[in-house]
Amino acid sequence: MGDRPMFVTVAPGNEGRDTAAVGFRLERRARVRLEAVRTGIGASNVRWTTEATLGPGQHELAWQPSMDTPVGSYVMRLTVEGNGKRRIYGGRRPATPERASAPVVRVLGVEAAFTRRSYLPTERMALQVLADAPWFSLTFLRVGHGPDPSLRGDEIVGLAMGPAVGIDWTGKRSARRTITVQTGDWPSGLYAARLETEDGRIGFAPFVLRATAPGSTRVAVVLPTNTWQAYNLFDVDGDGWGDTWYAGGIPPVALDRPYRDRGVPPRFRRYDVPFLRWLEKTRRDPDFLTDDDLDAIGTGDELRRLYDLVVFPGHSEYMTEQAYNVVERFRDLGGRLIFLSANNFFWKVERSGQTIRRIAQWRNLSRPESRLLGVQYRANDDGRRQAPFIVSDRDAAPWLFEDTGLENGDTLGEEVGGFGIEIDMTTPLSPPGTRVLALIPNLFGLGLHAEMAYYETPAGARVFSAGVLDFPAVLYTAQGMQLLDNLWRHMLEDLPEPAP
């Protein structure tokens, strides 16, 4: 499993493989505290603590994680106090894993990830699995369909696309292995492999099925797969911190890692599930794309020939130059765009093989995102303040609010606790005629509004931006479902002819 003196893997519930022992030597009598720390973005979580007063010599303290311990890497932070002095081992991320001052324990459930982020139906797919179990079952789920969403942030539910298949893992439990699996001839969409061991440990591996005949629906949905991995705190190198710039430093982000929380993309339940569920409830089946697939489209002209509408339902913060160029050209040719989150097209990234590196903010490269989106990122308070939108200019887009009962001055989103986290605003560089349809005034301070915006161009383009990071949560309400239905229909009316 890649274990070494300062890195060990435990599997809760597996006798003989369920305990991590930390050994250390004291030169003099001291009070020691050992903590299992699950590092995060900004704040870390102490999952377990033990303290003791010990004399000089060699000592050992053991941690036996319970079955409900969240999976992932834990820094075993050791604090030693004596003679008026205190020293902390494991208080900060090491420059390299080899220079770690505290051991790391990996709590293993089922780790699984596909080697690519999208496939065609029935294509052979390589799935990498690490599971300390003699057997597991595998079920394919169509995400957004079937059962109601889970309340857990580390669970994916969906419509089972067939019976579970049992896989014998005897002799394979000590290392990551690759198996080959295939889907059926299923519709384009987001799917997940669900793996479950006999003792109830579960892991998920999401993937996109592309359309067999791209463009037949005239609508594409681009999932924020780069952002999912940028916020993924999965620890590949075993230093106890996630392999992303959000955990310190500026490491490249690997695109083929499992997601830390049992394989579920970060914040998936609030940011992404509502839109997928809305598609199922309204019987819409657009083509699904990953960021990789968008990069693979040669030009905006090609994208426009295939599609009239491209929807970015999630937090598409990290975009390559190729993707930015393609989407901008698509807009210039009269293509329609919907952005249902905030802080989109913010960072330029460069891809090399299966990794991306963060390069610079697009606005600092003379390509401010408000020229494309109509709005751009303005502020972030990590969700401390949330509030509903107030409709401010219904007359600018009466079609959007039709059958919602919303008039100027009415609020949208109170039922889901409001919106916020990150907010967008219009700028002097927003396209001519950009209108703010609704806003959350002064959400993060005087003049820091969240702005829902819309504009049209002489070429026939129509662009809508929601202006808040968690706007898809509105789709849990009847008003929100109707609003998006109105928007979707409007985007597909009075279409300009695509270029030949």
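Placed above this text is the structure.
Values in this document were obtained by computation on a predicted structure and should not be read as measured data. Think of each chain on its own: its residues are numbered from 1, step by step along the sequence as written. Where totals are concerned, whole chains, interfaces and linings use all residues; where local detail is concerned, this predicted model gives features only for residues with pLDDT of at least 70, and gives and counts side-chain atom pairs only at 80 or more. Values reported for side chains reflect all heavy atoms of the structure, with hydrogen atoms and water molecules removed beforehand.

Further remarks concern the pattern of salt bridges. Any Lys or Arg side-chain nitrogen located within 4 Å of an Asp or Glu carboxyl oxygen qualifies as a salt bridge. Applying the stated rule across the entire model yields 39 salt bridges. Note that Arg-284 and Asp-485 form a salt bridge whose closest N and O atoms lie 2.9 Å from each other. Placement of Arg-284 in the loop between helix H3 (273-281) and strand S20 (287-289) and of Asp-485 in helix H9 (residues 478-491) is noted, with a sequence separation of 201 residues between them. This pair shows no difference in class: Arg-284 is buried, exactly as Asp-485 is. As a salt-bridge pair, Arg-462 and Asp-494 come within 3.7 Å of each other at their nearest N and O atoms. In this pair, Arg-462 is assigned in strand S34 (residues 462-465) and Asp-494 in the segment after H9, connecting sequence segments 32 residues apart. Here the salt bridges do not stand alone but share partners, grouping Asp-148, Arg-277, Glu-280 and Arg-283 into one network. Here a helix means four or more residues in a row that DSSP labels H or I, a strand means two or more in a row labelled E, and each is numbered from the N terminus. A simple rule labels every residue: compare its accessible area, found with a 1.4 Å probe on the protein chains alone, to the largest value its type can have, and call it buried under 20%, exposed over 50%, or partly exposed in between.

A word on the environment of Thr-96. Note that Thr-96 resides in the loop between strand S7 (85-89) and strand S8 (104-107). Counting along the chain gives 331 residues from Thr-96 to Thr-427, while the straight-line C-alpha distance between them is 42 Å.

Turning our attention to the pairing of strand S12 (residues 135-143). With eight of nine residues buried, S12 is to be regarded as a mostly interior element. Looking at chain direction, S12 and strand S14 (residues 165-168) are connected through four bridges and run antiparallel. Within S14, the position partnered with Ser-137 by the bridge is Gly-166. Pairing between two strands is assigned when DSSP locates at least 2 bridges connecting them. Inspection of the sheet shows S12 paired to strand S16 (residues 189-197) by seven bridges, in the antiparallel sense. Note that in S16 the partner of Phe-140 across the bridge is Ala-193. Relative to strand S13 (residues 158-160), S12 is paired through three bridges, and the arrangement is antiparallel. Bridge pairing in S13 places Arg-142 opposite Leu-159.

Time to look at the packing of aromatic side chains. Aromatic rings from Phe, Tyr and Trp, taking only the six-membered ring of Trp, are treated as a pair when their centres fall within 6.5 Å; an angle between ring planes under 30 degrees marks them as stacked, one over 60 as edge-to-face, and anything in between as tilted. One pass over the structure, following the stated rule, counts 27 aromatic pairs. A centroid spacing of 5.9 Å and a plane angle of 65 degrees characterise the contact between Phe-114 and Tyr-119, whose relative ring orientation is edge-to-face. For the pair Phe-114 and Tyr-119, one class covers both residues: buried. With 6.1 Å between their ring centres and 20 degrees between their planes, Phe-275 and Trp-278 make a pair best called stacked.

A separate point is the pairing of strand S9 (residues 110-114). Burial analysis of S9 places five of its five residues in the buried class, which makes it a mostly covered element. Bridging between S9 and strand S11 (residues 124-131) involves five bridges; their strand directions are antiparallel. Residue Ala-113 lies in a different strand from S11, and its bridge partner there is Gln-128.

Note on sheets: strands pair through backbone hydrogen bonds, and any given pair is parallel or antiparallel. What the three strands build is an open sheet, ordered S9-S11-S15; its pairing is antiparallel. Where the open sheet ends on each side, the last strands, each with one partner, are S9 and strand S15 (177-182). Strand-to-strand twist across the sheet, computed as the mean angle between neighbouring axes with direction ignored, equals 30 degrees. Of the pairings in the sheet, the one linking S11 to S15 comprises six bridges and is antiparallel in character. Looking across to S15, one finds that Val-129 is bridged to Arg-177. Working convention: axes come from line fits to C-alpha atoms, limited for helices to the stretch in contact. Angles between N-to-C directions cover 0 to 180 degrees.

Here we come to unusual backbone geometry. One non-glycine residue with positive phi stands out, namely Arg-262, at about 60 degrees. Along the chain, Arg-262 falls in the loop between strand S19 (253-254) and helix H2 (268-271). Phi is positive for Arg-283, close to 55 degrees, though the residue is something other than glycine. Among the structural elements, Arg-283 can be located in the loop between H3 and S20. The exposure class assigned to Arg-283 is exposed, which follows from its relative accessible area of 63%.

Taking burial as the measure, the nine residues of H3 include eight buried ones, the bulk of the element. Of all the residues in H3, the buried ones are Val-273, Pro-274, Phe-275, Leu-276, Arg-277, Trp-278, Leu-279 and Glu-280. Positive backbone phi, approximately 55 degrees, marks Arg-283, located one or two places after H3.

Once that is clear, we can look at the environment of Phe-444. Within the secondary structure, Phe-444 is located in the loop between strand S32 (435-440) and strand S33 (450-456). For the pair Phe-444 and Gly-420, spaced 24 residues apart in sequence, the C-alpha to C-alpha distance is 8.8 Å.

Looking now at helix H6 (residues 321-332). The terminal C-alpha atoms of H6, which comprises 12 residues, lie 16 Å apart, in line with the 16 Å expected from a rise of 1.5 Å per residue. All of the buried residues along H6 are Ala-323, Tyr-324, Val-326, Val-327, Phe-330 and Arg-331. Along the long axis of H6, the arc covered by the buried residues comes to 165 degrees, so they all point the same way. One or two positions beyond H6, positive phi appears at Gly-334, with a value near 95 degrees. Every helix has an expected span of 1.5 Å times one less than the residues it contains. Arc, as used here, means the arc of the directions from the helix axis to the C-beta atoms.

As a further point, take the sheet that holds S19. Here four strands make up an open sheet; going across it, the order is S19-S25-S24-S22 and the pairing mixed. The strands lining the two open edges of the sheet, one partner per strand, are S19 and strand S22 (318-319).

Summarising the element assignment, Asn-344 is placed in the loop between strand S23 (336-339) and strand S24 (347-352). Two N or O atoms form a polar contact when they lie within 3.5 Å of each other; inside protein one atom must be a possible hydrogen donor and the other a possible acceptor, and for residues adjacent in sequence the pair counts only when both atoms belong to side chains. A distance of 2.8 Å separates the side chain of Asn-344 from the backbone nitrogen of Ser-316, its partner in a polar contact. It only takes one pair of heavy atoms within 4.5 Å for two residues to be counted as in contact. Each residue touching Asn-344, except ones within four places of it in the same chain, is listed here: Gly-314, His-315, Ser-316, Glu-317, Phe-339, Glu-369 and Leu-373.

What follows is about the nonpolar core. Phe-268, Phe-275, Phe-389, Leu-400, Phe-464 and Phe-471 are the most contacted members of the largest nonpolar core, which has 59 residues in total. Apart from residues no more than four positions distant in its own chain, Phe-464 is found in contact with Leu-337, Ile-338, Phe-339, Leu-340, Leu-400, Leu-437, Met-452, Ala-453, Tyr-454, Leu-487 and Met-491. Here the nonpolar core consists of buried residues drawn from Ala, Val, Leu, Ile, Met, Phe, Trp, Tyr and Cys, with membership extended through side-chain atoms lying within 4.5 Å.

Contact pair H3 / H9: the axes reach a minimum separation of 11 Å and the direction vectors enclose 70 degrees. Judged by the inter-axis angle, H3 sits roughly perpendicular to H9. In contact with Phe-275, Trp-278, Leu-279 and Lys-281 of H3, H9 contributes Met-481, Leu-484, Asp-485 and Trp-488. Its residues placed into classes, the contact of H3 with H9 shows six nonpolar, no polar and two charged. In what follows, roughly perpendicular refers to angles from 65 to 115 degrees, roughly parallel to angles under 35, roughly antiparallel to angles over 145, and oblique to any angle outside these ranges. Any residue outside Ala, Val, Leu, Ile, Met, Phe, Trp, Tyr, Cys, Pro, Asp, Glu, Lys and Arg is labelled polar, Gly included; the first ten of those are nonpolar and the last four are charged.

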